[in-house]
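So the chains spell out like this:
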Amino acid sequence: MSGDETATDADPSSDGGVDAPAVERVTGTGVPVRGNDIDTDQIIPARFLKVLTFEGLGEFAFFDQRYETTGPDADGGEVAENPTDHPFNDPEFGDANVLVVNANFGCGSSREHAPQALQRWGIDAVVGESFAEIFAGNCLALGIPTVTADSEAIAALQDRVEAEPDTEITVDVAAETVTYADREIDAAVDPAQRQSLVAGEWDTTALLGSNPEQVAETAASLPYTDR
Amino acid sequence: MSEGTLYDAVWDRHRVRRLPSGQDQLFVGLHLIHEVTSPQAFGMLEERDLEIAYPERTHATVDHIVPTDDRERPYDDDAAESMMAKLEENVADAGVTFDHPDTGRQGIVHVIGPEQGLTEPGMTVVCGDSHTATHGAFGALAFGIGTSQIRDVFATGTVAMEKQAVRRIEVTGELGDGVTAKDLILTIIGELGTDGGVGYVYEYGGPAVESLSMPGRMTVCNMSIEGGARAGYVNPDETTYEWLRETDAFEDSPETFAERKRYWESIRSGDDATYDDVVTIDADAIEPTVTWGTTPAQTAGVSEPVPAPEALPPEDRAVAERAQAHMGVESGEPMAGFPVDVAFLGSCTNARLPDLRAAAEIVAGREVHDDVRGLVVPGSQRVKAAAEREGLDETFREAGFEWREAGCSMCLGMNDDQLEGDEVCASSSNRNFVGRQGSADGRTILMSPEMVAAAAVTGEVTDVRELDATPEVAR
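A quick note: this is a predicted structure, and the numbers were derived from the prediction, not measured.

Whenever I open this one, the overall build of chain A confuses me. Can you help?
When you go through chain A residue by residue, the secondary structure sums to eight helices and ten strands. Whereas a compact globule of 227 residues would reach a radius of gyration of roughly 17 Å, chain A reaches 19 Å, a difference of no more than 12%. With respect to the principal axes defined by its C-alpha atoms, chain A has extents near 60 × 50 × 30 Å. The 227 residues of chain A split such that 58% are buried. Of the contacts formed within chain A by residues at least 6 apart in sequence, a portion of 65% connects residues at least 24 apart. Of the roughly 8900 Å² of accessible surface on chain A, a fraction of 45% belongs to carbon and sulfur atoms.

Looking at this structure, I do not really get the sheet that holds strand E1 (residues 25–28) of chain A. What am I missing?
Adjacent strands of a sheet form backbone hydrogen bonds with each other and so pair up, either parallel or antiparallel. Residues and elements named next belong to chain A. The strand order across the open sheet formed by four strands is E1-E8-E9-E10, and the pairing between neighbours is antiparallel. The open sheet terminates on both sides in strands that have one partner only, identified here as E1 and strand E10 (183–186). Direction aside, the axes of adjacent strands within the sheet are offset by 15° on average. Alignment of strand E8 (residues 169–172) against strand E9 (residues 177–180), held across four bridges, turns out to be antiparallel. Of the residues in E9, the one forming a bridge with Asp 172 is Thr 177. With respect to the sheet, helix H5 (residues 151–163) is in contact with E8, E9 and E10, its orientation differing from that of E9 by roughly 30°.

Please explain the layout of surface pockets as it appears in this structure.
Empty pockets left among the atoms are what a rolling probe the size of a water molecule brings to light. There is about 1000 Å³ of room inside the largest pocket. In terms of lining residues, the largest pocket is bounded by 40 residues, among which Gln40(B), Gly43(B), Met44(B), Leu45(B) and Glu47(B) are the most central. Elements with a contribution of two residues or more to the lining of the largest pocket: helix H3 (113–121) of chain A together with helix H2 (39–47), helix H3 (78–94) and helix H5 (147–156) of chain B. Sorting elements by how many residues they give to the lining of the largest pocket places H2(B) first, with eight residues. Of the residues assigned to the lining of the largest pocket, the class counts are 17 nonpolar, eight polar and 15 charged.

Just to check I follow, could you spell out the sheet that holds strand E10 (residues 200–205) of chain B for this structure?
Residues and elements named next belong to chain B. Strand order in this open sheet of four strands is E11-E10-E9-E12, and the pairing throughout is parallel. The outermost strands of the open sheet, each flanked by one partner alone, are strand E11 (231–234) and strand E12 (277–282). Put simply, the sheet's adjacent strands are angled 25° from each other on average, direction ignored. Looking at chain direction, strand E9 (residues 165–172) and E10 are connected through six bridges and run parallel. Across the sheet, the residue bridging to Val 166 is Val 201, located in E10.

Honestly, the interface of chain B and chain A in this entry has me stumped. Any pointers?
Accessible area lost upon the coming together of the parts is a frequently used measure of interface size. With 75 residues of chain B at the interface, the matching set in chain A holds 59 residues. For the chain B and chain A pair, buried surface summed over both sides reaches about 5300 Å², with 54% attributable to carbon and sulfur atoms. Counting the surface chain B buries against chain A, the share from its top three residues, Gln40(B), Arg48(B) and Phe433(B), is 10%. Linking chain B with chain A are four salt bridges. For Asp41(A), the salt bridge goes to Arg436(B), with nearest N and O atoms at 3.1 Å. Taken together, chain B and chain A are joined by 28 residue pairs in polar contact (both at pLDDT 80 or more). In terms of residue count, the dominant contributor to the side of chain B that touches chain A is H5(B) (seven residues). Looking at the side of chain B that touches chain A residue by residue, the class counts come to 29 nonpolar, 26 polar and 20 charged.

Just to check I follow, could you spell out the packing of helix H12 (residues 353–363) of chain B against helix H14 (residues 392–399) of chain B for this structure?
Each pair of packed helices gets described by two things: the angle between the helix axes and the distance between those axes. Residue and element names in this part refer to chain B. The N-to-C vectors of H12 and H14 enclose an angle of 40°; their axes lie 10 Å apart at closest approach. On the basis of the axis angle, H12 is oblique to H14. Along this stretch, H12 crosses H14, giving a crossing that reads as left-handed. Residue-level contacts link Leu 353, Leu 356, Arg 357, Ala 359, Ala 360 and Val 363 of H12 to Leu 392, Thr 395, Phe 396 and Ala 399 of H14.

It is not clear to me how helix H6 (residues 191–199) of chain A should be interpreted in this structure. Could you clarify?
Given 3.6 residues to a turn, an α-helix orients residues that are three or four positions apart in the same direction. All names here are of chain A. Among the residues making up H6, those that are buried are Ala 192, Gln 193, Ser 196 and Leu 197. The arc enclosing the buried residues of H6, seen along the axis, measures out at 125°, which places them on a common side. Looking at the buried positions of H6, the neighbouring elements they touch are helix H4 (133–141) and strand E7 (146–148). Following H6 by one or two positions, Gly 200 adopts a phi angle in the positive range, close to 70°.

What exactly am I supposed to notice about the pairing of strand E3 (residues 67–72) of chain A here?
On any regular strand, side chains alternate: one points to one face of the sheet, the next to the other face. Residues and elements named next belong to chain A. In the sheet, E3 pairs with strand E4 (residues 78–83) via five bridges, with the strands oriented antiparallel. Counterpart to Thr 69 in the pairing with E4 is Glu 81. Between E3 and E4, which pair antiparallel and follow one another directly, the connecting turn spans five residues, one of which, Gly 76, has a positive phi of 85°.

Help me understand the pattern of salt bridges in this model?
A side chain of one charge can pair with a side chain of the opposite charge when the charged atoms of the two come close. All names here are of chain B. Within the structure shown, the criterion is met by 41 salt bridges over all chains. The partner of Asp 99 in a salt bridge is Arg 105, and the shortest N-O contact between them spans 2.6 Å. In this structure Asp 99 comes out as buried when scored by relative accessible area, which is 0%. Measuring nitrogen to oxygen at the nearest pair gives 3.0 Å for the salt bridge that ties Glu 120 to Arg 260. With Glu 120 in the loop between helix H4 (109–116) and strand E6 (124–127) and Arg 260 in helix H10 (residues 254–266), this residue pair connects regions lying 140 residues apart in the sequence.

Got a minute to help me understand empty space enclosed by the protein in this structure?
Summed over the entire model, instances satisfying the criterion amount to seven cavities of 30 Å³ or more. Taken as a whole, the largest cavity encloses approximately 230 Å³ of empty space. His64(B), Asp129(B), His131(B), Leu412(B) and Arg436(B) are, among the 24 residues lining the largest cavity, the residues nearest its centre. In the lining of the largest cavity, the residues fall into eight nonpolar, eleven polar and five charged. Counted as a void, the second largest cavity has a volume near 70 Å³. In terms of lining, the second largest cavity is formed by Pro45(A), Ala46(A), Arg47(A), Asp64(A), Pro72(A), Leu412(B), Gly413(B), Gln418(B), Gly435(B), Arg436(B) and Gly438(B). Partitioned by chemical class, the residues of the lining of the second largest cavity number four nonpolar, four polar and three charged.

I would appreciate a short explanation of the pairing of strand E8 (residues 158–161) of chain B in the present structure.
All names here are of chain B. Burial along E8 is two-sided: Thr 158 and Ala 160 facing one way and Val 159 and Met 161 facing the other are all buried. Pairing of strand E2 (residues 24–27) with E8, which is carried by four bridges, proceeds in the antiparallel orientation. Its bridge partner lying in E8, Asp 24 is registered against Met 161.

Help me understand the packing of helix H8 (residues 214–222) of chain B against helix H9 (residues 238–245) of chain B, please; the structure alone is not making it clear to me.
Residues and elements named next belong to chain B. Where H8 contacts H9, the axes come no closer than 10 Å and their chain directions differ by 110°. In terms of orientation, H8 lies roughly perpendicular with respect to H9. Residue-level contacts link Met 214, Pro 215, Arg 217 and Met 218 of H8 to Thr 239, Thr 240 and Trp 243 of H9. Its residues assigned to classes, the contact of H8 with H9 comprises four nonpolar, two polar and one charged.

I would appreciate a short explanation of the packing of aromatic side chains in the present structure.
Both the distance between ring centres and the angle between the ring planes are used here to describe each pair of aromatic rings. Inspection of every chain in the model, using the stated rule, returns 20 aromatic pairs over all chains. On the basis of an interplanar angle of 75° and a centroid distance of 5.2 Å, the ring pair of Phe48(A) and Phe63(A) is categorised as edge-to-face. A residue pair is termed long-range when its members are at least 10 positions apart, and Phe48(A) in the loop between helix H1 (40–43) and helix H2 (63–66) and Phe63(A) in helix H2 qualify at 15 residues. We note that Phe48(A), like Phe63(A), is buried. The interplanar angle of 45° and the centroid separation of 5.2 Å between the aromatic rings of Phe63(A) and Tyr67(A) together place this pair among those described as tilted. Tyr67(A) carries the same exposure label as Phe63(A), and that label is buried. Aromatic rings pair up to connect Phe48(A), Phe60(A), Phe63(A) and Tyr67(A) into one cluster. Above the plane of the ring of Tyr75(B) lies Arg73(B), whose end atom (NZ or CZ) is 5.1 Å from the centre. Taking NZ or CZ as reference, Arg167(B) lies 3.9 Å from the ring centre of Tyr200(B), over its face.

Here is what the cut-offs are and how they apply
Residues numbered from 1 in each chain as written. Chains lettered and ligands numbered in written order. Predicted model: local features only at pLDDT ≥ 70, side-chain atom pairs only at ≥ 80, totals over all residues. Heavy atoms only, no water. Helix = DSSP H or I, 4+ residues; strand = E, 2+ residues; numbered from the N terminus. Rg over C-alpha atoms; globule rule 2.2 N^0.38 Å. Buried < 20%, exposed > 50% of the residue type's maximum accessible area, 1.4 Å probe, protein only. Contact = heavy atoms within 4.5 Å. Areas by Shrake-Rupley, 256 points an atom, 1.4 Å probe, with all protein chains shown as cover. Pairing = 2+ DSSP bridges. Axes fitted to C-alpha atoms, helices over the stretch in contact; angles between N-to-C directions. 1 Å grid on protein atoms, 1.4 Å probe; cavity = no way out; pocket = protein on both sides within 12 Å on 5 of 7 lines; lining within 4 Å. Points joined across faces, edges and corners; volume = space filled by probe spheres on them. Nonpolar A, V, L, I, M, F, W, Y, C, P; charged D, E, K, R; others polar. Buried area = accessible area lost by both parts, 1.4 Å probe. Salt bridge = Lys/Arg side-chain N within 4 Å of Asp/Glu carboxyl O. Polar contact = N/O pair within 3.5 Å; in protein donor to acceptor, adjacent residues only side chain to side chain. Parallel < 35°, antiparallel > 145°, perpendicular 65-115°, else oblique. Left-handed = near helix turned anticlockwise from the far one by under 90°. Arc of directions from axis to C-beta. Phe/Tyr/Trp six-rings, centres within 6.5 Å; stacked < 30°, edge-to-face > 60°. Lys NZ or Arg CZ within 6 Å of the ring centre and 35° of its normal.

So this is what it looks like as structure tokens:
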């Protein structure tokens, strides 16, 4: 991952957990993708979901927005002709790790392929006006904060990043702020997300697997589990 | 916060404990899986040397990538074949029931669960698929999850979730002739917006919802996510129980059914339930509804003018402008009369038997317009077989529709069923996003199955009520 995450190792436990580093803040540069209601089909078109792993999805992030002509070619490859001015094509944003978006970003399908593609492209944090719930949950499961701020603050940040792409941005999950240049945005992080990221507990498998007897008790108490 | 609702009751019954994050650990009663979002989760389990904790509560089907024409193995599409083969291997290793096409039970995941009685009121249902809310039609708490959460459910039988607020959507009056559950949910999304439901679970109720059949309720709940709500439900009632009584799960077990019904009744929202929000929708005012843009909230009655972007709230204008440019629609004009190239009858929203019956009534004795290709893709192998017993396949074929095998098909174009170029599709599916149906320039107009049938025969968006036979099938 690019950027300068402050990370302390969580316990790499033996009961199904993996190393989920604490994500207190993400520092780096930004890439603006403007527009409300950017859906998961735009983030990663469905034809790129015909895979058995998430590897290599980074190059297909926003694919159909990045080229005028796209689609499968006769040999099973992809046509990618006439690049557009999409920010993901702009070399000035090539090293960016903070995606700056508008309202209802990530609406639509539950495909984790969407945040997987963004993360593999290089995104470590997303700052926006609002996010679709399943998308935000999928980001959390990958340790990517989805931080919200009001539309004016987002527009100002997008303007700044467009004008000066090498502006350093710090997304502070713990303090719920986004700082750049001489500005500090009062941001918001969902409390559970904040707690999970800061504590390094965003990979929940070990936590949820630590009380199997209690789970079995709940299961047994339900009237429908006898078959 | 809400109190005394079905959501509260089901949440409390399934809550294992409070997690340090403030989320709750919820037991999962039914975990449905399919070939697109599960292989990576199986891979993660293997990497971590874990096994499926509750294989008996896990149920698999294949729907997104299956061809709907030639199903001989290996599939022509290598990627589809490898996904199918991987699913076969994974479920065999894990001991999970799989509704393989050879069983005659294969179909879209949100069609087969309710069809077999796997989905019950008062149950938690999850699937790596955003349309999982469909199962809420039975009074289940059903929501879509991502692949990392699938891993959690595999490994532990539980998921970490935050409790949401509950919005009651009270639908008064009754839907008129030719107006369906699809028109109702498109209207609701149009009113509340694509993100109006973020943070909420929707409880649909009121006379116009209670009078819907189970397939109609499934259509409504299915599209909750298009309005931003991760889950939506209808309180179970006699309509629900009648459906369940005839499923595989209960048809031979009247005692289990009677016992279970006591639980189902117990979790209904009480008369004194409190909601975080209540919205009232007047069913009498709804006409056949279609989308004019590229989000499911960009809707209009078929005869209403498409709004001018500058007449919309400021935050919606840019999206509307882009949408109208993509679609090639003119503001001020109604969608009625807009030419279509493709008619797609299918998807987890509208491919159940009553949907096909209602469309067939429109199609009977008519022909698909010369400029239109029509495709009927039943929601499951059982729906297909039932439709064939009634001769619906003949009706569709005689009119010039293709009659296909069950799957997701052109709803999202992961198999060969795709739009080409900037074709316009009259579609009974759920998403009109740019590129959704397989072509980056393709254009999707969402509507009811009846309206798809009407567009297929006239070659343009058409108010189904203006054709002489309006279906009288209860929806």
